[in-house]
Amino acid sequence: MRVLVVGTGAAGAMAAKKLSAAGHEVHVLEAGDPFKALTRKVMHAGALRRTGLLGSERTISRLFPHMRTARSGDLVMVRGAGGCTTISCGNILPADKGLKEIGLDLSTEFAEIIESLHLCIVPRERWRPTTSQMFDVAQEMGLNPALTPKALSQDRCICCGMCELGCAMGARWDSRAWVEEAMASGAQVHYGHEVRDVMIEDGHAVGVHAVTSSGVTTIKADRVVLAAGGIGTAQILRRTGTSISDTLWIDPVFTFGGMKKESEQLDEMPMVWYAKKDDYIISPYLDLLSHFFQPAWRKVGIDDRVGVMVKLADEANGHVDADGNVEKALSGKDEASIKEAGELVEDIMSGAGVKGPITLGMINGGHLGGTVPLHREEVVTMHPAVLPENLWVADLSLVPRSQGMPTMVLAAAIASRVCSAVEKSDQSD
Ligand SMILES: Cc1cc2nc3c(=O)[nH]c(=O)nc-3n(C[C@H](O)[C@H](O)[C@H](O)COP(=O)(O)OP(=O)(O)OC[C@H]3O[C@@H](n4cnc5c(N)ncnc54)[C@H](O)[C@@H]3O)c2cc1C
(Lines give C-alpha, C1' and ligand atoms only; values in the text may rest on other atoms or scores of the structure.)
Protein backbone atom coordinates (compact mmCIF):
# COMPACT_ATOMS: atom_id res chain seq x y z
CA MET A 1 0.00 0.00 0.00
CA ARG A 2 1.48 3.36 -1.04
CA VAL A 3 0.69 5.99 1.59
CA LEU A 4 1.39 9.72 1.52
CA VAL A 5 1.90 11.35 4.92
CA VAL A 6 1.78 15.14 4.85
CA GLY A 7 3.93 16.90 7.48
CA THR A 8 6.90 15.95 9.67
CA GLY A 9 5.68 17.41 12.98
CA ALA A 10 4.81 15.33 16.04
CA ALA A 11 1.78 13.91 14.25
CA GLY A 12 3.28 13.34 10.77
CA ALA A 13 6.50 11.83 12.13
CA MET A 14 4.53 9.44 14.35
CA ALA A 15 2.28 8.47 11.41
CA ALA A 16 5.29 7.91 9.12
CA LYS A 17 7.03 5.84 11.79
CA LYS A 18 4.01 3.63 12.48
CA LEU A 19 2.91 3.12 8.88
CA SER A 20 6.40 2.36 7.60
CA ALA A 21 6.99 -0.08 10.48
CA ALA A 22 3.75 -1.79 9.42
CA GLY A 23 5.29 -2.41 5.98
CA HIS A 24 3.61 0.30 3.89
CA GLU A 25 5.44 2.22 1.18
CA VAL A 26 5.45 5.61 2.91
CA HIS A 27 6.28 8.93 1.27
CA VAL A 28 6.38 11.92 3.60
CA LEU A 29 5.72 15.31 2.00
CA GLU A 30 7.00 18.29 3.96
CA ALA A 31 6.57 21.92 2.89
CA GLY A 32 9.63 23.10 4.85
CA ASP A 33 13.33 22.40 4.47
CA PRO A 34 15.31 20.21 6.87
CA PHE A 35 15.44 22.10 10.17
CA LYS A 36 18.55 23.95 11.39
CA ALA A 37 18.70 25.42 14.90
CA LEU A 38 19.71 29.04 15.49
CA THR A 39 22.23 29.99 18.18
CA ARG A 40 22.61 32.87 20.64
CA LYS A 41 24.20 34.91 17.85
CA VAL A 42 20.63 35.92 17.07
CA MET A 43 20.76 38.12 20.19
CA HIS A 44 22.99 40.53 18.18
CA ALA A 45 19.72 41.71 16.67
CA GLY A 46 19.16 43.39 20.05
CA ALA A 47 20.45 46.72 18.73
CA LEU A 48 17.90 46.74 15.91
CA ARG A 49 15.20 45.70 18.35
CA ARG A 50 15.58 48.83 20.47
CA THR A 51 15.12 51.04 17.42
CA GLY A 52 12.04 49.14 16.27
CA LEU A 53 13.73 48.35 12.97
CA LEU A 54 13.04 44.65 13.37
CA GLY A 55 9.44 45.42 12.58
CA SER A 56 6.37 43.57 13.72
CA GLU A 57 5.40 39.91 13.85
CA ARG A 58 5.03 40.02 10.05
CA THR A 59 8.82 40.07 9.83
CA ILE A 60 9.42 37.29 12.36
CA SER A 61 10.53 34.81 9.71
CA ARG A 62 13.28 37.23 8.59
CA LEU A 63 14.94 36.85 12.00
CA PHE A 64 13.66 33.34 12.72
CA PRO A 65 13.42 31.64 9.30
CA HIS A 66 11.83 28.50 10.75
CA MET A 67 8.73 30.31 12.04
CA ARG A 68 5.53 31.10 10.17
CA THR A 69 2.91 33.48 11.50
CA ALA A 70 -0.65 34.49 10.73
CA ARG A 71 -2.42 37.36 12.47
CA SER A 72 -6.05 37.90 13.42
CA GLY A 73 -6.60 41.13 15.35
CA ASP A 74 -4.27 41.01 18.36
CA LEU A 75 -3.69 37.27 18.05
CA VAL A 76 -0.63 35.91 16.28
CA MET A 77 -0.66 32.24 15.31
CA VAL A 78 2.83 30.73 15.25
CA ARG A 79 3.98 27.46 13.71
CA GLY A 80 7.24 25.86 12.76
CA ALA A 81 8.16 25.26 9.13
CA GLY A 82 9.20 21.65 9.59
CA GLY A 83 6.95 21.20 12.58
CA CYS A 84 6.60 22.76 16.01
CA THR A 85 8.49 20.17 18.07
CA THR A 86 11.81 21.62 16.84
CA ILE A 87 10.88 25.00 18.37
CA SER A 88 9.14 23.67 21.46
CA CYS A 89 10.18 23.98 25.09
CA GLY A 90 10.26 20.19 25.38
CA ASN A 91 7.39 20.15 27.91
CA ILE A 92 5.66 16.81 27.96
CA LEU A 93 2.26 16.36 29.57
CA PRO A 94 -0.69 14.31 28.38
CA ALA A 95 -3.59 16.64 27.60
CA ASP A 96 -7.02 15.22 26.84
CA LYS A 97 -9.61 17.93 27.37
CA GLY A 98 -12.80 17.14 25.48
CA LEU A 99 -11.82 13.58 24.58
CA LYS A 100 -13.55 11.64 27.33
CA GLU A 101 -16.72 13.52 26.40
CA ILE A 102 -16.64 11.87 22.95
CA GLY A 103 -15.50 8.50 24.33
CA LEU A 104 -11.87 8.68 23.18
CA ASP A 105 -9.38 7.27 25.66
CA LEU A 106 -5.76 7.70 24.54
CA SER A 107 -4.14 6.53 27.79
CA THR A 108 -2.37 3.58 26.12
CA GLU A 109 -0.85 5.82 23.44
CA PHE A 110 0.12 8.48 26.03
CA ALA A 111 1.88 5.87 28.16
CA GLU A 112 3.79 4.38 25.20
CA ILE A 113 4.93 7.75 23.86
CA ILE A 114 5.91 9.17 27.24
CA GLU A 115 7.91 6.08 28.11
CA SER A 116 9.82 6.31 24.83
CA LEU A 117 10.80 9.95 25.48
CA HIS A 118 12.77 9.33 28.74
CA LEU A 119 11.53 12.40 30.56
CA CYS A 120 13.34 14.40 33.23
CA ILE A 121 12.66 17.49 35.29
CA VAL A 122 15.06 20.42 35.52
CA PRO A 123 16.53 20.37 39.05
CA ARG A 124 16.11 23.50 41.13
CA GLU A 125 19.82 24.26 41.21
CA ARG A 126 19.59 24.95 37.47
CA TRP A 127 16.81 27.55 37.87
CA ARG A 128 17.54 31.25 38.12
CA PRO A 129 16.87 32.71 41.62
CA THR A 130 13.82 34.73 40.48
CA THR A 131 12.20 31.61 39.04
CA SER A 132 12.81 29.83 42.36
CA GLN A 133 11.31 32.73 44.29
CA MET A 134 8.27 32.82 42.03
CA PHE A 135 7.78 29.06 42.58
CA ASP A 136 7.81 29.61 46.36
CA VAL A 137 5.32 32.46 46.09
CA ALA A 138 3.03 30.36 43.88
CA GLN A 139 3.23 27.61 46.49
CA GLU A 140 2.37 30.05 49.31
CA MET A 141 -0.59 31.24 47.23
CA GLY A 142 -1.90 27.66 47.16
CA LEU A 143 -1.42 27.25 43.41
CA ASN A 144 0.34 23.86 43.80
CA PRO A 145 3.10 24.49 41.25
CA ALA A 146 4.67 21.30 39.86
CA LEU A 147 7.94 20.63 38.08
CA THR A 148 7.52 20.33 34.32
CA PRO A 149 8.46 16.99 32.75
CA LYS A 150 10.79 17.58 29.80
CA ALA A 151 11.97 15.50 26.85
CA LEU A 152 15.53 16.56 27.40
CA SER A 153 19.01 15.25 27.98
CA GLN A 154 20.19 17.21 31.06
CA ASP A 155 23.86 16.51 30.30
CA ARG A 156 23.73 18.21 26.93
CA CYS A 157 21.51 21.17 27.89
CA ILE A 158 23.55 24.34 28.44
CA CYS A 159 20.52 26.38 29.63
CA CYS A 160 20.82 28.89 26.78
CA GLY A 161 17.08 29.64 27.06
CA MET A 162 16.70 29.49 23.28
CA CYS A 163 14.54 26.37 22.96
CA GLU A 164 12.14 28.11 20.57
CA LEU A 165 14.93 28.75 18.11
CA GLY A 166 15.80 25.06 17.95
CA CYS A 167 18.20 23.23 20.21
CA ALA A 168 21.69 23.83 18.86
CA MET A 169 23.05 21.29 21.38
CA GLY A 170 20.72 18.48 20.33
CA ALA A 171 19.68 18.20 23.99
CA ARG A 172 15.95 18.47 23.48
CA TRP A 173 13.91 15.79 21.72
CA ASP A 174 12.08 16.72 18.55
CA SER A 175 10.14 14.82 15.89
CA ARG A 176 13.18 14.43 13.64
CA ALA A 177 14.05 11.40 15.76
CA TRP A 178 10.81 9.69 14.65
CA VAL A 179 11.35 10.79 11.03
CA GLU A 180 14.72 9.02 11.15
CA GLU A 181 13.06 5.90 12.56
CA ALA A 182 10.54 6.02 9.72
CA MET A 183 13.35 6.35 7.19
CA ALA A 184 15.13 3.38 8.75
CA SER A 185 11.95 1.39 8.02
CA GLY A 186 12.01 2.55 4.40
CA ALA A 187 9.98 5.79 4.41
CA GLN A 188 11.09 8.44 1.92
CA VAL A 189 10.95 12.08 2.97
CA HIS A 190 10.45 14.79 0.36
CA TYR A 191 11.24 18.27 1.72
CA GLY A 192 10.16 21.38 -0.15
CA HIS A 193 6.86 19.70 -1.15
CA GLU A 194 3.92 21.87 -0.14
CA VAL A 195 0.71 19.93 -0.66
CA ARG A 196 -1.88 22.14 -2.29
CA ASP A 197 -4.86 19.78 -2.39
CA VAL A 198 -5.90 16.14 -2.40
CA MET A 199 -6.95 14.68 -5.75
CA ILE A 200 -10.35 13.04 -5.43
CA GLU A 201 -11.75 10.71 -8.11
CA ASP A 202 -15.10 8.95 -7.73
CA GLY A 203 -15.15 9.89 -4.06
CA HIS A 204 -11.66 8.42 -3.43
CA ALA A 205 -8.36 10.13 -2.69
CA VAL A 206 -5.92 9.14 -5.44
CA GLY A 207 -2.99 11.41 -4.60
CA VAL A 208 -2.07 15.04 -4.09
CA HIS A 209 -0.91 18.09 -5.97
CA ALA A 210 2.22 19.51 -4.39
CA VAL A 211 4.09 22.73 -5.09
CA THR A 212 7.87 22.25 -5.39
CA SER A 213 10.72 24.46 -6.60
CA SER A 214 10.11 23.10 -10.10
CA GLY A 215 6.37 23.74 -10.16
CA VAL A 216 3.24 21.79 -9.34
CA THR A 217 3.65 18.04 -9.30
CA THR A 218 1.15 15.19 -9.04
CA ILE A 219 1.90 12.38 -6.59
CA LYS A 220 -0.33 9.30 -6.69
CA ALA A 221 -1.15 7.10 -3.72
CA ASP A 222 -3.60 4.55 -2.31
CA ARG A 223 -4.02 6.46 0.97
CA VAL A 224 -3.41 10.05 2.05
CA VAL A 225 -2.80 10.94 5.71
CA LEU A 226 -2.88 14.66 6.50
CA ALA A 227 -0.79 15.77 9.48
CA ALA A 228 0.02 19.30 8.37
CA GLY A 229 -1.03 20.89 11.68
CA GLY A 230 -4.03 22.99 12.69
CA ILE A 231 -3.67 25.49 9.85
CA GLY A 232 -1.96 23.33 7.18
CA THR A 233 -4.47 20.48 7.30
CA ALA A 234 -7.43 22.88 7.29
CA GLN A 235 -5.95 24.75 4.34
CA ILE A 236 -5.44 21.57 2.28
CA LEU A 237 -8.98 20.40 3.02
CA ARG A 238 -10.44 23.75 2.01
CA ARG A 239 -8.57 23.60 -1.29
CA THR A 240 -9.78 20.05 -1.78
CA GLY A 241 -13.36 21.24 -1.38
CA THR A 242 -13.94 19.25 1.82
CA SER A 243 -16.17 20.81 4.39
CA ILE A 244 -14.35 21.74 7.61
CA SER A 245 -15.65 23.56 10.62
CA ASP A 246 -15.01 27.05 12.01
CA THR A 247 -13.81 25.67 15.31
CA LEU A 248 -10.09 26.40 15.29
CA TRP A 249 -8.54 26.67 18.76
CA ILE A 250 -5.06 28.02 19.38
CA ASP A 251 -4.23 27.83 23.14
CA PRO A 252 -3.14 31.51 23.23
CA VAL A 253 -0.12 32.42 25.32
CA PHE A 254 -0.13 35.69 27.25
CA THR A 255 3.28 36.56 28.64
CA PHE A 256 3.38 39.16 31.38
CA GLY A 257 6.72 40.98 31.35
CA GLY A 258 8.17 42.67 34.42
CA MET A 259 11.64 43.76 35.41
CA LYS A 260 14.23 42.68 37.93
CA LYS A 261 17.87 43.75 37.65
CA GLU A 262 20.19 40.98 36.48
CA SER A 263 17.56 38.30 36.79
CA GLU A 264 19.06 36.66 33.65
CA GLN A 265 16.05 34.47 33.07
CA LEU A 266 17.41 33.52 29.65
CA ASP A 267 20.07 31.45 31.41
CA GLU A 268 17.65 28.68 32.30
CA MET A 269 15.29 26.31 30.53
CA PRO A 270 11.92 27.99 29.92
CA MET A 271 8.90 26.77 31.89
CA VAL A 272 10.68 24.66 34.52
CA TRP A 273 7.55 24.69 36.67
CA TYR A 274 3.87 25.20 36.02
CA ALA A 275 0.72 25.81 38.05
CA LYS A 276 -2.47 24.40 36.60
CA LYS A 277 -5.95 25.82 36.87
CA ASP A 278 -9.03 24.55 35.02
CA ASP A 279 -8.57 26.57 31.83
CA TYR A 280 -4.94 27.66 31.91
CA ILE A 281 -1.44 27.06 33.17
CA ILE A 282 0.95 29.63 34.60
CA SER A 283 4.69 29.16 34.03
CA PRO A 284 7.94 31.22 34.08
CA TYR A 285 8.85 32.06 30.50
CA LEU A 286 10.93 34.77 28.89
CA ASP A 287 9.11 35.14 25.61
CA LEU A 288 11.69 35.84 22.89
CA LEU A 289 9.06 36.81 20.33
CA SER A 290 7.77 39.54 22.64
CA HIS A 291 11.33 40.56 23.49
CA PHE A 292 12.15 41.16 19.83
CA PHE A 293 8.84 42.22 18.34
CA GLN A 294 6.55 43.72 20.99
CA PRO A 295 6.96 47.52 21.11
CA ALA A 296 5.93 47.65 24.79
CA TRP A 297 8.85 45.35 25.68
CA ARG A 298 11.58 47.42 23.99
CA LYS A 299 12.68 49.48 26.99
CA VAL A 300 13.85 46.54 29.13
CA GLY A 301 17.03 44.63 28.25
CA ILE A 302 17.10 40.86 28.15
CA ASP A 303 19.13 40.47 31.38
CA ASP A 304 16.57 42.42 33.42
CA ARG A 305 13.41 41.05 31.82
CA VAL A 306 11.27 38.57 33.74
CA GLY A 307 8.38 36.83 32.02
CA VAL A 308 5.57 34.64 33.27
CA MET A 309 3.18 33.12 30.79
CA VAL A 310 -0.41 32.06 30.88
CA LYS A 311 -1.41 29.43 28.34
CA LEU A 312 -5.15 29.47 27.94
CA ALA A 313 -7.61 26.84 26.72
CA ASP A 314 -9.58 29.16 24.43
CA GLU A 315 -12.98 28.78 22.86
CA ALA A 316 -12.89 26.86 19.55
CA ASN A 317 -14.24 29.58 17.25
CA GLY A 318 -11.60 30.26 14.58
CA HIS A 319 -11.85 30.09 10.80
CA VAL A 320 -9.03 29.04 8.43
CA ASP A 321 -9.34 29.86 4.74
CA ALA A 322 -7.77 28.17 1.72
CA ASP A 323 -4.80 30.57 1.82
CA GLY A 324 -4.04 29.85 5.47
CA ASN A 325 -5.50 33.15 6.71
CA VAL A 326 -7.07 32.87 10.13
CA GLU A 327 -10.00 34.69 11.70
CA LYS A 328 -10.02 34.18 15.42
CA ALA A 329 -11.18 36.17 18.41
CA LEU A 330 -11.18 35.72 22.15
CA SER A 331 -14.59 35.15 23.69
CA GLY A 332 -15.96 36.82 26.83
CA LYS A 333 -15.12 33.64 28.75
CA ASP A 334 -11.52 33.71 27.44
CA GLU A 335 -11.17 37.35 28.48
CA ALA A 336 -12.50 36.58 31.98
CA SER A 337 -10.04 33.69 32.42
CA ILE A 338 -7.12 35.82 31.30
CA LYS A 339 -8.10 38.60 33.70
CA GLU A 340 -8.20 36.12 36.58
CA ALA A 341 -4.86 34.57 35.52
CA GLY A 342 -3.23 37.99 35.07
CA GLU A 343 -4.08 38.93 38.65
CA LEU A 344 -2.46 35.73 39.93
CA VAL A 345 0.63 36.34 37.81
CA GLU A 346 1.00 39.90 39.10
CA ASP A 347 0.87 38.58 42.68
CA ILE A 348 3.48 35.91 41.91
CA MET A 349 5.79 38.43 40.26
CA SER A 350 5.48 41.14 42.87
CA GLY A 351 5.89 38.56 45.67
CA ALA A 352 9.24 37.63 44.10
CA GLY A 353 10.38 41.24 43.85
CA VAL A 354 9.68 41.68 40.14
CA LYS A 355 8.88 45.32 39.42
CA GLY A 356 6.28 46.83 37.10
CA PRO A 357 5.08 48.13 34.88
CA ILE A 358 3.96 44.63 33.98
CA THR A 359 3.39 44.74 30.23
CA LEU A 360 1.65 42.14 28.15
CA GLY A 361 3.70 40.52 25.38
CA MET A 362 2.55 39.51 21.93
CA ILE A 363 -0.44 37.18 22.28
CA ASN A 364 0.58 34.15 20.32
CA GLY A 365 -1.08 30.81 19.76
CA GLY A 366 1.08 27.83 18.84
CA HIS A 367 -1.17 24.89 19.68
CA LEU A 368 -3.51 24.74 16.72
CA GLY A 369 -6.34 22.34 16.06
CA GLY A 370 -10.05 21.66 16.02
CA THR A 371 -11.27 22.20 12.44
CA VAL A 372 -12.21 18.56 11.74
CA PRO A 373 -13.54 17.69 15.19
CA LEU A 374 -14.19 14.02 15.83
CA HIS A 375 -17.69 13.11 16.92
CA ARG A 376 -18.56 10.32 19.32
CA GLU A 377 -19.81 8.03 16.55
CA GLU A 378 -16.50 8.45 14.64
CA VAL A 379 -14.19 7.45 17.47
CA VAL A 380 -14.12 3.73 16.59
CA THR A 381 -13.00 4.43 13.02
CA MET A 382 -11.08 7.67 13.79
CA HIS A 383 -12.40 8.77 10.43
CA PRO A 384 -14.58 11.90 10.23
CA ALA A 385 -17.60 11.35 8.01
CA VAL A 386 -16.76 14.47 5.95
CA LEU A 387 -13.64 12.77 4.51
CA PRO A 388 -13.48 10.32 1.59
CA GLU A 389 -12.83 6.76 2.78
CA ASN A 390 -9.08 6.68 2.11
CA LEU A 391 -8.27 10.24 3.16
CA TRP A 392 -7.30 10.53 6.82
CA VAL A 393 -6.58 13.37 9.19
CA ALA A 394 -4.06 12.46 11.90
CA ASP A 395 -3.32 15.60 13.89
CA LEU A 396 -4.84 18.04 16.39
CA SER A 397 -7.42 19.07 13.78
CA LEU A 398 -9.43 16.10 15.10
CA VAL A 399 -9.41 17.33 18.69
CA PRO A 400 -12.65 19.18 19.47
CA ARG A 401 -11.38 21.29 22.39
CA SER A 402 -8.45 23.48 23.19
CA GLN A 403 -6.14 22.25 25.95
CA GLY A 404 -4.27 25.15 27.60
CA MET A 405 -1.57 22.53 28.08
CA PRO A 406 1.36 21.17 26.06
CA THR A 407 0.05 19.35 22.99
CA MET A 408 2.94 17.46 21.36
CA VAL A 409 2.09 14.17 23.01
CA LEU A 410 -1.58 14.63 22.22
CA ALA A 411 -0.76 15.25 18.53
CA ALA A 412 1.41 12.12 18.45
CA ALA A 413 -1.15 10.02 20.33
CA ILE A 414 -3.90 11.03 17.91
CA ALA A 415 -1.65 10.12 14.96
CA SER A 416 -0.83 6.78 16.54
CA ARG A 417 -4.50 5.94 17.08
CA VAL A 418 -5.40 7.03 13.52
CA CYS A 419 -2.66 4.76 12.12
CA SER A 420 -4.09 1.81 14.07
CA ALA A 421 -7.45 2.64 12.49
CA VAL A 422 -5.85 2.83 9.01
CA GLU A 423 -4.43 -0.67 9.59
CA LYS A 424 -7.83 -1.98 10.66
CA SER A 425 -9.51 -0.44 7.61
CA ASP A 426 -6.88 -2.09 5.35
CA GLN A 427 -7.66 -5.48 6.87
CA SER A 428 -11.37 -5.05 6.30
CA ASP A 429 -10.88 -3.94 2.63
C1 LIG B 1 6.93 28.02 19.95
C2 LIG B 1 6.17 26.78 20.34
C3 LIG B 1 6.53 26.07 21.49
C4 LIG B 1 5.84 24.92 21.85
N5 LIG B 1 6.24 24.23 22.96
C6 LIG B 1 5.61 23.06 23.28
C7 LIG B 1 6.06 22.26 24.35
O8 LIG B 1 7.04 22.56 25.03
N9 LIG B 1 5.39 21.09 24.61
C10 LIG B 1 4.32 20.69 23.87
O11 LIG B 1 3.76 19.62 24.15
N12 LIG B 1 3.86 21.45 22.86
C13 LIG B 1 4.50 22.60 22.52
N14 LIG B 1 4.07 23.33 21.45
C15 LIG B 1 2.93 22.84 20.67
C16 LIG B 1 3.29 21.59 19.86
O17 LIG B 1 4.61 21.69 19.40
C18 LIG B 1 2.31 21.37 18.71
O19 LIG B 1 0.98 21.43 19.17
C20 LIG B 1 2.51 20.02 18.05
O21 LIG B 1 3.87 19.75 17.88
C22 LIG B 1 1.75 20.01 16.74
O23 LIG B 1 2.17 18.93 15.96
P24 LIG B 1 1.57 18.68 14.51
O25 LIG B 1 2.38 17.59 13.91
O26 LIG B 1 0.11 18.46 14.62
O27 LIG B 1 1.74 20.04 13.71
P28 LIG B 1 3.04 20.84 13.29
O29 LIG B 1 4.09 20.69 14.28
O30 LIG B 1 2.57 22.21 12.91
O31 LIG B 1 3.55 20.11 11.98
C32 LIG B 1 2.90 20.26 10.75
C33 LIG B 1 3.92 20.02 9.66
O34 LIG B 1 3.26 20.04 8.41
C35 LIG B 1 4.00 20.86 7.50
N36 LIG B 1 3.03 21.41 6.55
C37 LIG B 1 2.09 22.36 6.77
N38 LIG B 1 1.39 22.59 5.66
C39 LIG B 1 1.88 21.74 4.74
C40 LIG B 1 1.56 21.48 3.36
N41 LIG B 1 0.58 22.14 2.73
N42 LIG B 1 2.29 20.54 2.68
C43 LIG B 1 3.30 19.86 3.31
N44 LIG B 1 3.64 20.08 4.59
C45 LIG B 1 2.94 20.99 5.30
C46 LIG B 1 4.65 21.91 8.38
O47 LIG B 1 5.78 22.48 7.75
C48 LIG B 1 5.01 21.07 9.59
O49 LIG B 1 6.23 20.40 9.43
C50 LIG B 1 4.75 24.48 21.07
C51 LIG B 1 4.38 25.19 19.92
C52 LIG B 1 5.09 26.32 19.55
C53 LIG B 1 4.69 27.06 18.30
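Note: the structure precedes this text.
Each value, and the rule that gives it
Residues numbered from 1 in each chain as written. Predicted model: local features only at pLDDT ≥ 70, side-chain atom pairs only at ≥ 80, totals over all residues. Heavy atoms only, no water. Near = heavy atom within 4 Å. Polar contact = N/O pair within 3.5 Å; in protein donor to acceptor, adjacent residues only side chain to side chain. Areas by Shrake-Rupley, 256 points an atom, 1.4 Å probe, with all protein chains shown as cover. Helix = DSSP H or I, 4+ residues; strand = E, 2+ residues; numbered from the N terminus. Nonpolar A, V, L, I, M, F, W, Y, C, P; charged D, E, K, R; others polar. Domains from an automatic or database assignment. Axes fitted to C-alpha atoms, helices over the stretch in contact; angles between N-to-C directions. Parallel < 35°, antiparallel > 145°, perpendicular 65-115°, else oblique. Left-handed = near helix turned anticlockwise from the far one by under 90°. Contact = heavy atoms within 4.5 Å. Core = buried A, V, L, I, M, F, W, Y, C linked by side-chain atoms within 4.5 Å. Buried < 20%, exposed > 50% of the residue type's maximum accessible area, 1.4 Å probe, protein only. Phe/Tyr/Trp six-rings, centres within 6.5 Å; stacked < 30°, edge-to-face > 60°. Lys NZ or Arg CZ within 6 Å of the ring centre and 35° of its normal.

Enquirer: Please explain the site of the ligand as it appears in this structure.
Expert: What surrounds the ligand is a group of 37 residues, the closest being Glu-30, Gly-83, Cys-84, Thr-407 and Met-408. Take Ala-31: an N or O atom from its main chain is 3.0 Å from a nitrogen atom of the ligand. Out of a free accessible area of 1,000 Å², the ligand has 93% covered by protein chains. Within the residue set of the shell around the ligand, elements represented by two or more residues are helix H1 (10-21), strand E4 (75-80), strand E7 (194-201), helix H7 (229-240) and helix H10 (408-428). Residues that form the shell around the ligand fall into these classes: 18 nonpolar, 16 polar and three charged. Counting contributing residues, the shell around the ligand receives three or more from each of domain 1 (1-35 + 93-117 + 173-243 + 369-429) and domain 2 (44-81 + 119-169 + 252-365).

Enquirer: Mind showing me how you'd approach the environment of Pro-34 here?
Expert: For Pro-34, the position within the fold is in the loop between strand E2 (25-29) and helix H2 (46-51). Spatially, the C-alpha atom of Pro-34 lies 31 Å from that of Arg-126, the residues being 92 residues apart in sequence.

Enquirer: Help me understand the packing of helix H4 (residues 107-116) against H10, please; the structure alone is not making it clear to me.
Expert: A pair of packed helices is characterised by two quantities: the angle between their axes and the separation of those axes. At a minimum axis separation of 9 Å, H4 and H10 run at an interaxial angle of 120°. If you check the angle between H4 and H10, you find them oblique. In the packing of H4 onto H10, the handedness of the crossing is right-handed. Note on element contacts: H10 touches H4 through Val-409, Leu-410, Ala-412, Ala-413, Ser-416 and Arg-417, opposite Glu-109, Phe-110, Ile-113 and Ile-114.

Enquirer: Explain the nonpolar core here, please?
Expert: Soluble globular proteins: nonpolar side chains tend toward being buried together. Counting 112 residues, the largest nonpolar core has Leu-104, Met-134, Leu-226, Ile-282, Val-310 and Ile-414 as its most contacted members. For this core, the element with the most residues is H10, which contributes twelve residues. Mapping this core onto the domain boundaries places at least three of its residues in each of domain 1 (1-35 + 93-117 + 173-243 + 369-429) and domain 2 (44-81 + 119-169 + 252-365). Setting aside chain neighbours within four positions, we find Ile-414 in contact with Leu-104, Leu-106, Met-382, Ala-394, Asp-395, Leu-398 and Val-399. Counting 17 residues, the second largest nonpolar core, distinct from the first, contains Leu-63, Met-162, Leu-289 and Phe-292.

Enquirer: Explain the packing of aromatic side chains to me, please; I cannot follow it from the model alone.
Expert: Given two aromatic rings, one states the distance between the centres and the angle between the planes to describe the pair. Counted by the stated rule, this structure contains four aromatic pairs. An aromatic cluster of three or more residues is present, and its members are Trp-127, Phe-135 and Trp-273. Note that Arg-305 overlies the ring of Trp-297, its terminal NZ or CZ placed 4.3 Å from the centroid.

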